[in-house]
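# Coordinate analysis (summary)
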Amino acid sequence: MAENGQDGAGTWRTRIHRAIRSGTRPGPWQRGPVLAALALLLGLLMLLHAEIPNRIGHLGSLVETLLPWFGLFIPVLLAGALWRRSAAAAVALLLPVTVWLNLFGGLLGDKSHPGSDLVVVSHNVDAGNPDPAGTARDLAASGADVLALEELTEQATGTYEKGLAKAYPNHTVQGTVGLWSRLPLSDTRPVDVKMDAGPLADTKPADVKMGYNRGLRTTVATDHGPLAVYVVHLGSVRVVPRAGFSTAQRDAGAQALATAVAADRNQRLVLLGDLNGTLDDRAFAGLTEQLHSAQDTAGAGFGFSWPAKFPVARIDQILVRGVQPRSSWVLPATGSDHLPVAAGITW
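Residues numbered from 1 in each chain as written. Predicted model: local features only at pLDDT ≥ 70, side-chain atom pairs only at ≥ 80, totals over all residues. Heavy atoms only, no water.

## Some remarks on the pattern of salt bridges
Close approach of charged atoms allows side chains with opposite charge to pair. In plain terms, the rule: In the sections that follow, a salt bridge refers to a side-chain nitrogen of Lys or Arg positioned within 4 Å of a carboxyl oxygen of Asp or Glu. Helix and strand definitions follow DSSP, with helices as H or I runs of at least four residues and strands as E runs of at least two, each counted in order from the N terminus. Here the term buried applies to any residue with accessible area under 20% of the maximum for its type, exposed to any over 50%, and partly exposed to those in between, with areas from a 1.4 Å probe on protein chains only.
Counted according to the given criterion, the structure contains eight salt bridges. Note that Asp-145 is salt-bridged to Arg-182, the shortest N-O span being 3.7 Å. Of this pair, Asp-145 sits in the loop between helix H7 (132-140) and strand S2 (146-150) while Arg-182 sits in the loop between strand S4 (177-181) and strand S5 (185-190), and the two are 37 residues apart along the sequence. Note on Asp-145: relative accessible area 19%, which makes it buried. With a closest N to O distance of 2.8 Å, Arg-250 and Asp-251 form a salt bridge. On the basis of relative accessible area, Arg-250 is assigned to the buried category, the value being 0%. The buried category is assigned to Asp-251, whose relative accessible area is 13%.

## Thoughts on the packing of helix H2 (residues 33-47) against helix H4 (residues 73-84)
Selection rule: Fitting a line to C-alpha atoms yields each axis, with helices limited to the stretch in contact; the angle taken between N-to-C directions then spans 0 to 180 degrees. To sort the angles, those under 35 degrees are grouped as roughly parallel, those over 145 as roughly antiparallel, those from 65 to 115 as roughly perpendicular, and the leftovers as oblique. Helix crossings are classified by the rotation of the near helix relative to the far one: an anticlockwise turn of less than a right angle makes the crossing left-handed, while a clockwise turn makes it right-handed. The criterion used for residue contact is that any of the two residues' heavy atoms lie within 4.5 Å. The residue classification treats Ala, Val, Leu, Ile, Met, Phe, Trp, Tyr, Cys and Pro as nonpolar and Asp, Glu, Lys and Arg as charged. All others, Gly included, are polar.
Running from N to C, H2 and H4 cross one another at 160°; their axes reach a closest spacing of 10 Å. It follows that H2 is roughly antiparallel to H4 by the angle criterion. Handedness of the H2/H4 crossing: left-handed. In this structure, H2 uses Leu-35, Leu-38, Ala-39 and Leu-42 to contact H4, whose residues at the interface are Phe-73, Ile-74, Leu-77, Gly-80, Ala-81 and Arg-84. Here the contact of H2 with H4 is composed, by residue class, of eight nonpolar, one polar and one charged.

## Quick word on the sheet that holds strand S3 (residues 170-174)
The condition is simple: Two strands pair if DSSP finds at least two bridges between them.
The strand order across the open sheet formed by six strands is S3-S4-S2-S1-S14-S13, and the pairing between neighbours is mixed. Whereas interior strands pair on both sides, the edge strands pair on one side only; in this sheet they are S3 and strand S13 (324-330). Neighbouring strand axes in the sheet, compared pairwise and without regard to direction, differ in orientation by 15° on average. Of the pairings in the sheet, the one linking strand S1 (residues 118-124) to S2 comprises five bridges and is parallel in character. The residue of S2 that forms the bridge with Ser-122 is Ala-148.

## A few points about the pairing of S4
The element S4 is largely enclosed, with a buried count of five among its five residues. Burial along S4 is two-sided: the face carrying Val-177, Leu-179 and Ser-181 and the face carrying Gly-178 and Trp-180 are both buried. Bridging between S3 and S4 involves five bridges; their strand directions are antiparallel. Its bridge partner being in S4, Val-173 is matched across the sheet by Gly-178. Hairpin remark: S3 followed by S4, antiparallel, with two residues in the connecting loop; positive phi at Gly-175, about 70°.

## Considerations on H7
Along H7, the residues that are buried comprise Pro-132, Gly-134, Thr-135, Ala-136 and Leu-139. Along its buried surface, H7 packs onto S1, S2 and helix H8 (154-164).

## Focus on the confidence of the model for the chain
We apply this condition: Every residue is assigned a pLDDT by the predictor, reflecting its confidence on a scale from 0 to 100.
Confidence in the prediction for the chain averages 91 pLDDT; 87% of positions are at 70 or higher. Scored below 50 in pLDDT, residues 198-205 shows six contacts in the model against residues more than four places distant or in partner chains.

## Some thoughts on the environment of Gly-32
In this fold, Gly-32 is placed in the loop between helix H1 (2-24) and H2. Of the residues examined, Gly-32 reaches a relative accessible area of 5% and is grouped as buried. A sequence separation of 55 residues divides Gly-32 from Ala-87, and the C-alpha atoms of the two residues are 8.3 Å apart. Gly-32 has contacts with Arg-84, Ser-86 and Ala-89, leaving out every residue within four places of it along the chain.

## Regarding the sheet that holds strand S12 (residues 316-321)
Across the sheet, which stays open at both edges, the six strands sit in the order S5-S6-S7-S10-S12-S11 with mixed pairing between neighbours. Taken across any chain shown, the strands that pair with only one partner, and hence form the sheet edges, are S5 and strand S11 (292-293).

## With respect to the environment of Leu-38
As for its placement among the helices and strands, Leu-38 is situated in helix H2. As a C-alpha pair, Leu-38 and Ala-89 span 51 residues in sequence and 8.6 Å in three-dimensional space.

## Considering unusual backbone geometry
Cis rather than trans, the peptide bond between Trp-306 and Pro-307 has omega equal to -10°. Counting through the fold element by element, Pro-307 comes out in the loop between helix H12 (294-298) and S12. Of note, the phi angle at Asp-126 is positive, near 75°, even though the residue is not glycine. Looking at the secondary structure, you find Asp-126 in the loop between S1 and H7. Here Asn-276, not a glycine, exhibits a phi torsion of approximately 55°, which is positive. Using a relative accessible area of 12% as the deciding quantity, one classes Asn-276 as buried.

## Things to note about the packing of aromatic side chains
Using the following cut-off: The aromatic pairing rule takes the rings of Phe, Tyr and Trp, using the six-membered ring of Trp, and pairs them if the centres are within 6.5 Å, calling planes under 30 degrees apart stacked, those over 60 edge-to-face and the rest tilted.
This model, assessed by the stated rule, comprises six aromatic pairs. An angle of 25° between the planes, with centres 5.6 Å apart, marks the rings of Trp-69 and Phe-304 as stacked. Note that Trp-69 is positioned in the loop between helix H3 (59-65) and H4 and Phe-304 in the loop between H12 and S12, a separation of 235 residues in sequence. Taking the relative accessible area as the measure of exposure, Trp-69 reaches 29% and is therefore partly exposed. Between the aromatic rings of Trp-100 and Phe-302, the centroid separation amounts to 6.3 Å while the plane-to-plane angle is 55°, which identifies the pairing as tilted. Placement of the pair is Trp-100 in helix H6 (residues 94-104) and Phe-302 in the loop between H12 and S12, with a sequence separation of 202 residues. Aromatic ring contacts, followed pair by pair, group Trp-69, Trp-100, Phe-104, Phe-302 and Phe-304 into a single cluster.

Next comes the structure, spelled out in structure tokens:
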């Protein structure tokens, strides 16, 4: 009898201990508070990215450049929420999911349509390209009616001129950028994108400045009337320990380019080039207020173009006004560290 009593007492003590542990164990809404907080912070970061100041190392522009990639944190946090069985973290993830889809969900589908009046291609051919002749052959076979090249060098320009001459009877080169066209060109002139600014800039002769000019504007004669075409290569950006995300020269060029586009009287305009930044970056607000991205309007996916071996950002852009993009795509790699980008447009 004593043994049975002890067993009964032990069973009741076990039940009591289990009840206490069950009562003190956090429920699904109490688990994972750190995960829930991280999910909310991620959502707020993407939602309020425009409010991140640029005063310290251009942090705002850096975040905006990488903005699509913040979505990769969502499945990581979701896995943590499932592992912790945290209802709070799972619900908190609704914020970053909603914000990311609102920002980039439209890029997930294919918005392209068949048929176009003109195919335009832009390619930063890379000053260190080991095979400019091969790149010229690839571009000649692209089917482009208008072909913009950036980062031309004195040594390689002749190779491109020779390789593209048969397919493109009309071309112009202004400094390190050029345009090849099946259609006639006129009214060609350089565009100042502020690659040489400061007190010494005005003292340099025009021929010296032209050597590193990185912008041009020309008119392409189409069956539908004149089309203004800009080819540009804005200043590079750097991430350096002291300055952070260094964008001053690029930003000055973007502002100058926006001013030039605003002053252009041609209703139909296409801008091609390496802007050294994504259109999420606030530095391009002056351009995106006037022009539309062919990739956003008629592309499939993000259209990342750089670096060619593992593209993580679209810094090579095709922007338009007065014409309608029908399709937008990325061409196969050449010998460059950028991928060529293409668009079909119509009137």
